[in-house]
Amino acid sequence: MTIVRVEKVEDCFDGSSVYRYWLDRTWTREDILGLQALGELEYFADFPRPFFRLHCPDGMQAKGVEGEDNCQAVFPSRDRETIRERLEAFLQR
Amino acid sequence: MTATASAPCAGRRGESLANNDRRPVYLNNAATAWPRAPGVVEAVADALRTPPAHPGRSGGRTPDVAAECRRLLAGLLGVSTPERLVLTVHATSALNLAIGGLDLRPGELVVTTVTEHNSVLRPLNHLQRDRGIRVTTVGLGEDGGLDVRAFEQALAEQPALVVVNHASNVTGRVTEVGPLFARARAAGAVTLLDASQSLGHIPVHAPALHADLVAFTGHKGLHGPPGTGGLYVTPGLELGQTFVGGTGVRSDLRLHPAEMPVRLEAGTPNLPALAGLAVALRWGTTDGRRLNANLQRVASRLRNGLRSLTGVTLFDDVPEAPRTGVVSFAVEGWRVDDVGCALEESFGIACRTGLHCAPLIHRAIGSAPHGTVRLSVSGFNSDQDVDAALEAVERIAR
């Protein structure tokens, strides 16, 4: 998986901590289950388009949909850059 | 009737859902109503295809859609002075025209409410910072409606302006503004109604509501195009001119004309959008009226259905309160934006999450700091649309 583009997501709050990652291919079930290495994964396989969300011990949260080529991550203010780099390295592995 | 659409979240969802044989359902009508009224799209397209002709500048060879909009809007607002209808590009510009045009002085008081949208709150906050006006924000009472006692106490300080929104864009709760505005006028205040969420859905009769100013948009309850809106200014109240410039009339004057409505309009109008708005307004006085009964019915179905779901909390859940088609809720164990993402991307239900540009109401209804998941129906939505949303929320909350 390769990160093609990263964009900030504007929401109702300070959007500096929310990013959408666009990837070179779509999320597969295996990709999603692999996220368990980062934290607590919830995978809603029974949804019409399976949804996942990830809660990491460092405070980062991510979510996305199987079959889509993007996901969204919310980073905590503390150690934001370090945590970002960790996620990006994992996605690019 | 049904309203299905490509949900506007992260691209390609509509296509993907279509591939899965599921049609996205549009329940974000409080942001922008969809679909448009019948004939709107064609009217806008026709106007764009036709050589432009500007009102007042074309010698009457083509229909004056601006005048037609003013006439229809005057009828909708129950007034006989279409020249007092200023056409704007949205409710926000109308509210800025109204609040900025009153020439509020340092120390003068404005009374408003916690239910307001940022298009009211921010202009007031800027005037508070830049001109030293005072602002009193009235909260909600125990029944979830406006705290009338606090409102009356605020009137005792003789405000220059009272601004109240007719229907909350967060809860759908309709405020009975008539008696409040009558008291405000008696206290010497100018009354400004934000009808962004009400016009087209419920009667907005300016004289009956004692409203001196009514700001509204064309792309919500009227089912017209975005980029349309307006401000009604009661006869005898002359607002200061925020925008001045070209008008196509009285070009020999050094200053902008003082006559209404051109007094508050400058620049080339968005005539294609106004052509669409005129069609929407005509439809609203005929077939569109029937849709509002359906709106109330499907909104009740949605609200009652959500209330019955385990793990779902409805905000401002007072069943007998008058409302539009807006419902706000949260799901236990879920961030509101996660619910929104799952609804849109997994289930194809277009919704909105967060503060909805109305930051003050959330403390009052218990949805601070993250806000709510908002579903908002229009008269075009069907029982099937609502049931699809209820099934989706039930599965998320399960």
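One can find the structure itself at the top, above this paragraph.
Rules used in this analysis
- Residues numbered from 1 in each chain as written.
- Chains lettered and ligands numbered in written order.
- Predicted model: local features only at pLDDT ≥ 70, side-chain atom pairs only at ≥ 80, totals over all residues.
- Helix = DSSP H or I, 4+ residues; strand = E, 2+ residues; numbered from the N terminus.
- Rg over C-alpha atoms; globule rule 2.2 N^0.38 Å.
- Buried ≥ 20, exposed ≤ 12 C-beta atoms within 10 Å, placed from the backbone.
- Contact = placed C-beta atoms within 7 Å.
- Pairing = 2+ DSSP bridges.
- Axes fitted to C-alpha atoms, helices over the stretch in contact; angles between N-to-C directions.
- Core = buried A, V, L, I, M, F, W, Y, C linked by C-beta atoms within 7 Å.
- Domains from an automatic or database assignment.

Chemist: Before we go on, may I ask you to explain the overall build of chain A in this structure?
Modeler: Across its full length, chain A holds 2 helices and 6 strands. Starting at the N terminus and ending at the C terminus, chain A contains elements arranged as β-β-α-β-β-β-β-α. Over its C-alpha atoms chain A spans a radius of gyration of 12 Å, differing by no more than 12% from the 12 Å that the globule rule assigns to 93 residues. Along the longest, intermediate and shortest principal axes, the C-alpha atoms of chain A span 35 × 30 × 25 Å. Across the 93 residues in chain A, those meeting the buried criterion constitute 22%. A sequence separation of at least 24 residues applies to 35% of the contacts in chain A between residues at least 6 apart.

Chemist: So what exactly am I meant to see when it comes to the pairing of strand S13 (residues 372-376) of chain B here?
Modeler: Side chains on a regular strand alternate between the two faces of the sheet. Residue and element names in this part refer to chain B. Where burial is concerned, most of S13 is hidden: 5 out of the 5 residues are buried. Of the two faces of S13, the one holding Thr372, Arg374 and Ser376 and the one holding Val373 and Leu375 are both buried throughout. For strand S10 (residues 326-331) and S13, the ladder comprises 4 bridges, and the chain directions are antiparallel. Residue Val327 lies in a different strand from S13, and its bridge partner there is Leu375. As paired elements, strand S12 (residues 352-354) and S13 share 3 bridges and run antiparallel to each other. The partner of Gly354 across the bridge, within S13, is Thr372.

Chemist: Which parts of the structure should I look at to understand the sheet that holds S10 of chain B?
Modeler: Strand pairing in a sheet is mediated by backbone hydrogen bonds. Such pairs are either parallel or antiparallel. Residue and element names in this part refer to chain B. Strand order in this open sheet of 4 strands is S9-S10-S13-S12, and the pairing throughout is antiparallel. In this open sheet, the two strands that pair with only one neighbour each are strand S9 (312-314) and S12. Between one strand and the next, the sheet's axes are offset by a mean angle of 30°, whatever the strand orientation. Most of the contacts of helix H9 (residues 287-307) go to S10, to which it runs at about 15°, and overall it touches S9, S10 and S13. Packing of helix H12 (residues 383-397) onto the sheet brings it into contact with S9, S10 and S13, and relative to S10 it is tilted by some 20°.

Chemist: Teacher, can you tell me more about the nonpolar core here?
Modeler: A general tendency of soluble globular proteins is for nonpolar side chains to be buried together. Residue and element names in this part refer to chain B. Core analysis: the largest hydrophobic core is formed by 132 residues, its most contacted members being Ala98, Leu213, Val214, Ala215 and Ala389. Element by element, the count of residues in this core is highest for helix H8 (residues 271-284), at 10 residues. Composition of this core by domain shows at least three residues from each of domain 1 (13-30 + 288-397) and domain 2 (40-284). Contacts of Leu213, omitting those with residues within four sequence positions, involve Ala98, Val190, Thr191, Leu192, Leu193, Leu231, Tyr232, Val233 and Thr234.

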